[in-house]
Structures are given as structure tokens and as C-alpha cells.
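Remarks on the overall topology
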Amino acid sequence: MPQISHTWSTQSIAQVVKEYWGFGTLREHQERAIRAGLDGRDSLVVMPTGGGKSLCYQVPPLLLERAAIVVSPLISLMKDQVDGLNACGYPAAALNSTLDRVMQDEIEEQFLRGELRLLFLAPERLLTSRTLALLKEAHVTSFAIDEAHCISHWGHDFRPEYRRLAEIRSYFPKASLHAFTATATQRVQHDIVEQLGLRDAVLLVGRCDRPNLTYRVVPRTDVQKQTLDVIRRHDNQAMIIYCLSRKDTERLAHWLCTQGVDARAYHAGMDATKRRRVQEAFSTERLDIVVATVAFGMGIDRSDVRCVVHATMPKSVEHYQQETGRAGRDGLDAECVLLYTGADGAKWRSLLTQSARREALDLGYDEPDEGGYSPGDPRAALELQFEHLRDMEGFASAAVCRHKSLSEYFGQAYEPGEERGGSPCGRKGCGACDVCLDEITYMEGGTVIAQKILSCVARVEQRFGAAHVADVLVGRNSERIRQFRHDQLSTHGLMKDTPKAAVRQYIEQLIAQRLIVRDEGEYPTLRLGNEAWAVLKGEQEVRLIEVARTRPRRQQQESIALEGAEQELFEVLRTLQRAIARERGVPPFMVLNHASLIDMAMVRPGTLEGMFGITGIGRAKHRSFGRAFFEAIDAFCEEHNMTRSNEPSTQYA
Ligand code: ADP
Ligand code: ZN
């Protein structure tokens, strides 16, 4: 149990939080994390995306009246963070390479004059002699390290420049270090503590579960049509669709446009101007659908993303958690759909192998000898990457509650329903995944289908790949089939009434169940797994997920709990929010976010002072926008004969 600071009352912390951010309550762990900062005690805070980590390092400098340093790898995000803080009246700045010399000097001087409370720096910048001298001169006593998992090579986003952060300890032996991350397994948590040399650290691990997300894993048969189906469920809502390759993003975005959907591609291969334009259109809410590689998202702070689709399986559960984490950051319901086939794993294995080999050659490593790879050889890390991949495949192919699997992966027990208040509506399990919503249909006669496929793999002598086996089963009469005389096999045409894409899916499911093993190589071939013979002899049953009929039961998501006139008022306020944002040239969420708009539509303050009770409206925002929104509410209520409240609001978020 960490020591509780008595110097700062809960009330004084709450007051600052209301004053600057307009929040009426603190979330789980926030107060203890803030106290660690106030006491100058090292800490490691693990909280999911959207959990509210930033507040933990933003509050202490205000109360202590001295600046802290924030180390973040994401230069593109710094500007938004600083702008957002400044909009709340919080004195913060970032020093990075995007600023010219004059601006940098100006910020350094402000910092030395003690006018700033937070200074954002990238890790490589922090460790330059110029910056170190600056921080020494200012007697910095506190460092917040954001995205701290980047220091661990066990994590999913290891960054060599993070390793050097261990040096902070030697330059500033008396300063306290505060590490923050959204996704860290226990192994990564230990590694962070060790690498940074945290001393007697307060460890605060929040629930990694995101109860407002509904997870679905759907066998992929037709990526275009399936994506379009999902889009149709989210009319006029923000969505991110992740693809594996740059080409995939362009192809899918283009096809969606031909279907009348306004979707744009985004990937690192596009030129910077084009990229910025897409990013800006998305964050200013002029564009709702982006089809992107994982390059998209790091700098995106749009909190009303209602759906994240993975057109291909990501390469680790950590990546999946991080990317799906961009949905529903406003705490409202959102959906995550993973389109998956067993072929995704094979694709990743080959990509990872190729890129490790290329890197190894670039670095001048030889082909490995008997003893394996030399230390530092990128190929030595492949086994670990494959382990991450196997975990991800396990998640995708098991029919186990998704919330439960994710929580357990990150080392936390999960009690279904608990987070939704004990599931009072009698929902089964978590009530928010395809498994618990009973959307997965097992087909009748799965064992017979499995036998047909397994015997075909045997008939082609375990020397062919999935595409060929499927061709034989559906009775294709191609040159290649005839060449090997596979049209003569008893299994030729055995599944001629099943679409080939479905047959491929069943093969992938059998691979996931290890009844078939795919041997990797330039031309991956299928062979029978150990238990396949038991199935062929009828001694073992097989369950296969019905491919065609796997459809979400809950078609329309209720994303916002507003009805009738309140919903209309919300739309009016949203239009105003966007207009103000346009006028000021900032993204709409920087004016006020959705949680505030919803709170306003429900509470409808009857006095200007009452606007201060709305979540997300602190002193500065009240001054800047309070009156405009108040008047809009006033006019709307007048016209629609709606009641107003004079009570302080109950917090929404
Ligand atoms: P993280 O860095 O953990 O991903 P953020 O710090 O960006 O999360 O916070 C996510 C969202 O939650 C932001 O919109 C923030 O304003 C909001 N938030 C944080 N703390 C609170 C709180 N105590 N009450 C209401 N909203 C909060
Ligand atoms: Zn579930």
C-alpha cells in the first residue's frame, strides 16, 4: 500500500481538476497517481487508452507550482496535446524539431522563467547536452514517461531511443520518474521498472478491459462486402479500417467510393501533404471513414470513433488492443470488427521473416551457423514475434468471450458483466462480444465437412496448398488440376455446392484447430495434424463456425443515449461546436468533446453559471465558449418548450 500524502487534501486536487478540465470526479487510480506525483515518488501507471493517464501527470505541477517534463515519442501528437492544454488555460509547451530556432529560444526562456508547468520532449531530444543543461538549470524534479512500453523489447513497439532513458537517473538522481503506458503485459511492466531503474515505485494497474467496446471476430470471405456491411451499420459515424498493406488500403478505399461511401486511404507511402490533408479532414470531422495502415492513429485524437475494423489480423494482441483502443475514447459504445482467416498468420510469418532477413543483411550479419543467430541479429527476435503472432491467432480462432480473453492476456481476471454493473438486463457473459451475444453459429455436420477436407489433403499427398485443395473440393476443372490428375480423385467436387471462399475458411478453421498444419515456405503446403486421423476415423467430433450465417444480431448500435428533442439539441450543439472549431482553426474536440455535448443536451443548464457544472467545462472553456453554447441551449429550449435545469449537473463521463 503506497504511503498517502497528507499535505494535499482530496478537495484541493478536485478543485484544480474542475477549474482546469471541468471534471467533477476522478477516475479509478487517478488520485493515487496524482499523489505519487505530488509526493515525488516513482510510479508506473498502466491504464487503457482513453483511461485518463494524462491528467495524472498534468495535475501535480499545478499544485506544486513547478514544471515537469513529459517524454513522448510522438512529436505529431505534441502540438495537439499542448494546444488542448492551452485551451484549458494550462501553461504547457513542446520543444521539438518542428519549431524554428526563435520559437525554441522563446520556449526555453519561458521555461527558465518558471512560466511553464509542462514541457514535452522526444526522448532523443531530452538526452542532448543542450537540453540536459537547460533542465539542470531549471532544477527539474519530475519526469513523466509516456508510452513507457517502448523501452521494453518484450513489448510490441520497442524503440531503441527509449533505452537511453535509463540515463535520466544518473543525470537527475533526485528527480522522480513516472512511467505511463496503455498496454503492458506483466513481463513488460517488470521490464519498464527495471530499465528505468524505478525505486520503490507505486504500481497502479487499471482494468485493461474496455466495457464500451463490442468485439466481433468474423471469418473473412469477402473483405469488400463485409466491410461495407459494417459501414452500413454505422451511418454517418467515424470509422477506421485497418489494412495490412498500402496497396490494400488504396484498393479498398477506391472500391468503397464506387459504392458511394466517402472513404479515403492513408498510409506512410503517401506524400506528406496528402497525408496531412486526410488526417486533418478526419480530425475536423469533415471525413468519417479512413482506410489505413497502422501508420494512421498515433497522432489521431478523435474521440468519437464508433468503429474500428481490422481487414487483416494484426501481428500481436498488444497491437490489436492499441488499435481497437482508438474506438470509443469518449466512453460511449463502439464496435470492433476483426475480419480474419488463418492465412493472415502465414502472411505475417513470411513478412516478418523477410524483413528480419533484409535488416540482418543490411547490418552485415552472415547466414547463421549451427549455433543460431548472433546477438543483435534481427532474426534472433523472430521467435518472439512468432510467439506474439500465435497469441493473436489464439485470440482470433477461439470461441471464448473476447473481453475475457483480452483481460486474461494482460494478466487480469475478468468477471463477465461486472463492469456493466452486474449485467442487470440478464445479458449473457459480457454482453458485448460476438461469443456472448450468441452470434456465432456452429454449423450442423461440421465433422463431415472436416472429414471431406482432411481426406482431400491426404489424397493430394500433403503436397499442395490451401487454394489447390479448395479447388479440388469444389470440383474446379483447371489446367493445373488436370495436370496432376486431381480431377480423378474421389474428393474432386466433393463440396461442389459450397462457395470456394467458404471452403477456404473451413480449411483455415481446421488449421487454427491444428487438425491441419501449414508448412511455411515459398509455397506453403498443407499436411495432416496429429489428431486428424481420429477425425477421419470418426472418433473425434469437430465444431466449425458457420461461415455464411455469421451476422451480428444487434444491427444498430445505440451509441448515444439520447432521444427525440434531446438528440436534436445534441445535433444543434454539434453544429455549433464545428462552426466554432472552423472559425478558430482547431479540431472540434478541442472546443468541447462529445461527452460535454451530451451532458449539455441532457442537463440543459438554466443559467450561464450552471454551464460550469457540465463535464469538460473548466474555467477557461467557460469563459471562451460558455455563453455561445448557453444561448444555443436557451433558444432551442424556448422554441421546443423544453425544461431547463438549475441544478448542478450529474457527471456524464
Ligand atoms: P489516455 O492518455 O489514458 O489515453 P486521456 O488522458 O487522453 O487518456 O483521457 C481520455 C479522455 O478522458 C479525455 O477526453 C479526457 O479529457 C477524459 N478524462 C480524463 N479524466 C477524466 C475524468 N476524471 N473525468 C472525465 N473525463 C476524463
Ligand atoms: Zn463476451
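The shown structure was predicted, so the numbers you read here are calculated from the model rather than taken from an experiment.

So, on to the overall build of the protein chain. Along its length, the protein chain carries 26 helices and 15 strands. Over its C-alpha trace the protein chain gives a radius of gyration of 27 Å, about what one expects of a compact globule, namely 26 Å for 653 residues. Dimensions of the protein chain along its principal axes, counting C-alpha atoms only, are 85 × 70 × 50 Å. The buried share of the protein chain, taken over its 653 residues, is 54%. Taken together, the 82 basic and 88 acidic charged side chains of the protein chain have centroids lying 3 Å from each other.

Taken together, 15 residues surround ligand 1, and among them Thr-25, Gln-30, Gly-50, Lys-53 and Ser-54 come closest. A distance of 3.3 Å separates an oxygen atom of ligand 1 from a polar atom in the side chain of Arg-27. Taking Arg-329, its side chain carries an N or O atom lying 3.3 Å from an oxygen atom of ligand 1. When the free accessible area of ligand 1 is taken as 560 Å², the share hidden by the protein chains comes to 81%. Considering each element in turn, the shell around ligand 1 owes the most residues, 3 residues, to helix H3 (residues 53–64).

Bound to the zinc ion (ligand 2) are the protein donor atoms Cys-401 (SG), Cys-430 (SG), Cys-433 (SG) and Cys-436 (SG), situated 2.3 to 2.4 Å from the metal. Read from N- to C-terminus, the donor residues coordinating the zinc ion (ligand 2) fall into the pattern C-x28-C-x2-C-x2-C. A residue is classified by how much of its surface remains accessible, and Cys-436, at 10% relative accessible area, is buried.

Sheet architecture is open: 6 strands sit in the order E8-E13-E12-E9-E11-E10, paired in parallel fashion. Strands at the two margins of the open sheet, each flanked by one partner only, are strand E8 (213–219) and strand E10 (263–266). This sheet shows a mean twist of 15° between the axes of neighbouring strands, independent of strand direction. One ladder, built from 4 bridges, connects strand E9 (residues 238–242) with strand E11 (residues 289–292); its direction is parallel. Of the residues in E11, the one forming a bridge with Ile-240 is Val-290. Packed onto the sheet, helix H13 (residues 272–283) meets E9, E10, E11 and strand E12 (305–310) and runs at close to 135° relative to E10.

Another point: the packing of helix H19 (residues 466–474) against helix H21 (residues 500–512). Orientation of H19 relative to H21, taken along the N-to-C sense of each, is 125°, at an axis distance of 9 Å. Between H19 and H21, the crossing angle belongs to the class labelled oblique. Considering how the two elements wind past one another, H19 and H21 form a crossing that is right-handed. Mapping the contact onto sequence places Ala-466, Ala-467, Val-469, Ala-470, Asp-471, Leu-473 and Val-474 in H19 and Lys-500, Val-503, Arg-504, Ile-507 and Glu-508 in H21. Counted by class, the contact of H19 with H21 contains 8 nonpolar, no polar and 4 charged residues.

An order of E3-E4-E2-E5-E6-E1-E7 is seen for the 7 strands of this open sheet, with the pairing classed as parallel. Strand pairing shows two members of the sheet lacking a second neighbour, strand E3 (92–95) and strand E7 (202–205), which therefore form its edges. Strand-to-strand, the axes of this sheet are offset by a mean angle of 15°, without reference to chain direction.

So, about the pattern of salt bridges. Evaluation of the coordinates by the stated rule reveals 37 salt bridges. The partner of Arg-130 in a salt bridge is Asp-105, and the shortest N-O contact between them spans 3.4 Å. Of this pair, Arg-130 sits in helix H7 (residues 129–137) while Asp-105 sits in helix H5 (residues 101–112), and the two are 25 residues apart along the sequence. Relative accessible area serves as the criterion here: at 30%, Asp-105 is assigned to the partly exposed category. Here Glu-335 and Arg-233 are joined by a salt bridge, their closest N and O atoms 2.5 Å apart. Highlighted residues: Glu-335 in strand E13 (residues 334–340) and Arg-233 in helix H11 (residues 223–233), separated in sequence by 102 residues. Arg-233 gets classed as buried once you look at its relative accessible area, which sits at 8%. Among the charged side chains, a salt-bridge network with shared partners connects Glu-285, Asp-288, Arg-302, Asp-304, Arg-574 and Arg-578.

On to the domain arrangement of the protein chain, then. Examined at the domain level, the protein chain breaks down into domain 1 (10–205), domain 2 (213–345 + 380–425), domain 3 (446–536) and domain 4 (564–640). Inter-centroid distance (C-alpha atoms) of domain 1 to domain 4 is 31 Å. Our count for the contact surface shared by domain 1 and domain 4 stands at 1 salt bridge. Linking Arg-619 and Glu-19 is a salt bridge whose minimum nitrogen-to-oxygen distance equals 3.2 Å. Counting across the interface, domain 1 meets domain 4 through 4 residue pairs in polar contact (both at pLDDT 80 or more). Only helix H1 (10–21) and helix H4 (75–87) provide two or more residues apiece to the side of domain 1 that touches domain 4.

So, on to the environment of Arg-390. In this fold, Arg-390 is placed in helix H16 (residues 382–397). Its relative accessible area of 37% is what places Arg-390 among the partly exposed residues. When sequence neighbours within four positions are dropped, the list of residues in contact with Arg-390 reads Arg-349 and Glu-383. Separated by 3.2 Å, the side chains of Arg-390 and Glu-383 make a polar contact.

On inspection of all chains with the given rule, the structure shows 11 aromatic pairs. When the centroid spacing of 6.1 Å and the interplanar angle of 70° are considered together, the rings of Tyr-20 and Tyr-90 count as edge-to-face. Remark: Tyr-90 occurs in the loop between H4 and E3 and Tyr-20 occurs in helix H1; sequence separation between them is 70 residues. For Tyr-20, a relative accessible area of 22% corresponds to the partly exposed category. With centroids separated by 5.1 Å and ring planes inclined at 50°, the aromatic side chains of Phe-143 and Phe-172 adopt a geometry described as tilted. With Phe-143 in strand E5 (residues 142–145) and Phe-172 in the loop between helix H9 (168–171) and strand E6 (176–181), this pair connects stretches of sequence that are 29 residues apart. Its relative accessible area of 7% is what places Phe-172 among the buried residues. Taken together through their ring pairs, the aromatic side chains of Tyr-20, Trp-21 and Tyr-90 make up a single cluster. The lysine or arginine in question, Lys-136, covers the ring of Phe-172, its NZ or CZ lying 5.5 Å from the ring centre.

Reading guide: rules and limits
Residue indices begin from 1 for each chain and proceed along its sequence in written order. The naming scheme follows written order: chains are lettered A onward, ligands numbered 1 onward. Confidence filtering applies because this is a predicted model: local features only for residues at pLDDT of at least 70, side-chain atom pairs given and counted only at 80 or more, and all residues used for totals across whole chains, interfaces and linings. The basis for the side-chain values is all heavy atoms of the structure; hydrogens and waters are excluded. Segments assigned H or I by DSSP are reported as helices when at least four residues long, segments assigned E as strands when at least two residues long, and all are numbered from the N terminus. Only C-alpha atoms enter the radius of gyration, while the globule expectation follows 2.2 Å times N to the 0.38, with N the number of residues. Residue exposure (1.4 Å probe, protein chains only): buried if accessible area is under 20% of the type maximum, exposed if over 50%, otherwise partly exposed. Charge counting treats Lys and Arg as positive and Asp and Glu as negative, with His and both chain ends excluded. Taken as the charge location is NZ of Lys, CZ of Arg, CG of Asp or CD of Glu. Each residue is tested against the molecule or strand, and it is near if at least one of its non-hydrogen atoms lies within 4 Å. By the criterion applied in these results, polar contacts are pairs of N or O atoms within 3.5 Å in which, for protein atoms, one can donate a hydrogen and the other can accept it, and in which residues neighboring in sequence qualify only through two side-chain atoms. Throughout, the Shrake-Rupley method with a 1.4 Å probe supplies accessible areas, and for residues the shown protein chains are the sole cover considered. Here a donor is any nitrogen, oxygen or sulfur atom (N, O, S) within 2.8 Å of the metal, with 3.2 Å used for Na, K and Ca; water is not among the atoms considered, so some sites may look incomplete. Strands qualify as paired when DSSP identifies two bridges or more between them. Each axis is a line fitted through C-alpha atoms, and for a helix only the stretch in contact is used; angles between axes span 0 to 180 degrees, taken between their N-to-C directions. Here, two residues are considered to be in contact whenever any of their heavy atoms come within 4.5 Å of each other. Here is the rule for angles: anything less than 35 degrees is roughly parallel, anything more than 145 is roughly antiparallel, 65 through 115 is roughly perpendicular, and the remaining ranges are oblique. Put simply, a crossing is left-handed when the front helix is turned counterclockwise from the back one by less than a right angle, and right-handed when it is turned clockwise. Only Asp, Glu, Lys and Arg are considered charged in this grouping, and only Ala, Val, Leu, Ile, Met, Phe, Trp, Tyr, Cys and Pro are considered nonpolar; every other residue, Gly among them, is considered polar. The term salt bridge refers to a side-chain nitrogen of Lys or Arg lying within 4 Å of a carboxyl oxygen of Asp or Glu. These domain limits were set by an automatic method or by a database of domain assignments. Working definition: a ring pair exists when centres of Phe, Tyr or Trp rings (six-membered ring for Trp) sit within 6.5 Å. Plane angles under 30 degrees give stacked, over 60 give edge-to-face, the rest tilted. Here, a charge over a ring is recorded when the distance from Lys NZ or Arg CZ to the ring centre is within 6 Å and its angle to the ring normal is within 35 degrees.

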